[in-house]
Amino acid sequence: MDRHDGFREFVLARQQALMRTAYLLTGDAHLAEGLLQTVLVKVVGHWAKLSRSGNPEAYTRKALVNQYSSWRRERSELPSAVVPDRATGGDESALDRIVLRQALARLAPRQRAVIVLRFWEDLTEAQTADVLGCSVGTVKSQTHHALARLRVIAPELAHLLDDPEIVEVAGPV
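Residues numbered from 1 in each chain as written. Predicted model: local features only at pLDDT ≥ 70, side-chain atom pairs only at ≥ 80, totals over all residues. Heavy atoms only, no water.

1. Some words on the overall build of the protein
Thinking step 1. Helix and strand content of the protein: 10 helices and 0 strands.
Thinking step 2. Out of the 173 residues belonging to the protein, those deemed buried represent 42%.
Thinking step 3. By sequence separation, contacts in the protein at least 24 residues apart represent 64% of the contacts at least 6 residues apart.
Thinking step 4. Accessible area of the protein: about 9400 Å², with a carbon and sulfur share of 53%. (Helix = DSSP H or I, 4+ residues; strand = E, 2+ residues; numbered from the N terminus. Buried < 20%, exposed > 50% of the residue type's maximum accessible area, 1.4 Å probe, protein only. Contact = heavy atoms within 4.5 Å. Areas by Shrake-Rupley, 256 points an atom, 1.4 Å probe, with all protein chains shown as cover.)

2. Side note on the packing of helix H7 (residues 125-132) against helix H8 (residues 136-153)
Thinking step 1. The geometry of H7 relative to H8 is characterised by a closest axis approach of 8 Å and an angle of 100 degrees between their N-to-C directions. Comparing the axis directions of H7 and H8 gives the class roughly perpendicular. Of the residues in H8, those touching H7 at Glu125, Ala126, Thr128 and Ala129 are Val136, Val139 and Lys140.
Thinking step 2. Residue composition of the contact of H7 with H8, by class: 4 nonpolar, 1 polar and 2 charged. (Axes fitted to C-alpha atoms, helices over the stretch in contact; angles between N-to-C directions. Parallel < 35°, antiparallel > 145°, perpendicular 65-115°, else oblique. Nonpolar A, V, L, I, M, F, W, Y, C, P; charged D, E, K, R; others polar.)

3. A closer look at helix H1 (residues 7-26)
Thinking step 1. If you check H1, its first and last C-alpha atoms are just 24 Å apart, much less than what 20 residues at 1.5 Å a residue would give, namely 28 Å.
Thinking step 2. Of the residues making up H1, those classed as buried are Phe7, Phe10, Val11, Ala17, Leu18, Thr21, Ala22, Leu24, Leu25 and Thr26.
Thinking step 3. Trailing H1 by a residue or two, Gly27 shows a phi angle of about 75 degrees, which is positive. (Expected span 1.5 Å × (residues − 1).)

4. Some details on the pattern of salt bridges
Thinking step 1. Going through the model one piece at a time under the given rule, you end up with 4 salt bridges.
Thinking step 2. Taking the shortest distance from any N to any O, the salt bridge between Arg20 and Glu121 comes out at 3.0 Å. In this pair, Arg20 is assigned in helix H1 and Glu121 in the loop between helix H6 (109-120) and H7, connecting sequence segments 101 residues apart.
Thinking step 3. Judged by its relative accessible area of 38%, Arg20 is partly exposed.
Thinking step 4. Across the pair Arg61 and Glu121 runs a salt bridge, and its minimum N-O distance is 3.3 Å. Of this pair, Arg61 sits in helix H4 (residues 56-74) while Glu121 sits in the loop between H6 and H7, and the two are 60 residues apart along the sequence.
Thinking step 5. Residue class for Glu121 comes out buried when judged on its relative accessible area of 9%. (Salt bridge = Lys/Arg side-chain N within 4 Å of Asp/Glu carboxyl O.)

Okay, structure coming up:
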């Protein structure tokens, strides 16, 4: 039995969801690909143990968040926060997604991770706490502070942020 048995199947089955998480964290398709590739290289090194533990996806998500946070600490520049002018008669949901992506990029890495995991990955507070290695209370406070910050950064998204079903209204980012 090879120590990497099942890794290929795991990646094929979960790649799209993991790529979505990486993209939502980075806000950039190329950075997301690099982030996911970096993390999968680390995961394959621990695959034998992870496959026995029964929850390699949770480990992989946590590794994505940790690697993203590490990259953010290493980078001195932040993504552009320029919000495009509103076009009349345009697709409002598409514009909302653009503004939301830019606003997410301005959040602290931990706040961004909480928002992505809770509202786009639809993890519970407990699951999010497990992925981030913190308490449920920390997830609750980080969510509260992140949503408050988003309201300040992008007041034009208030109609999305006041709705308890943020994902439903905002659609995929």
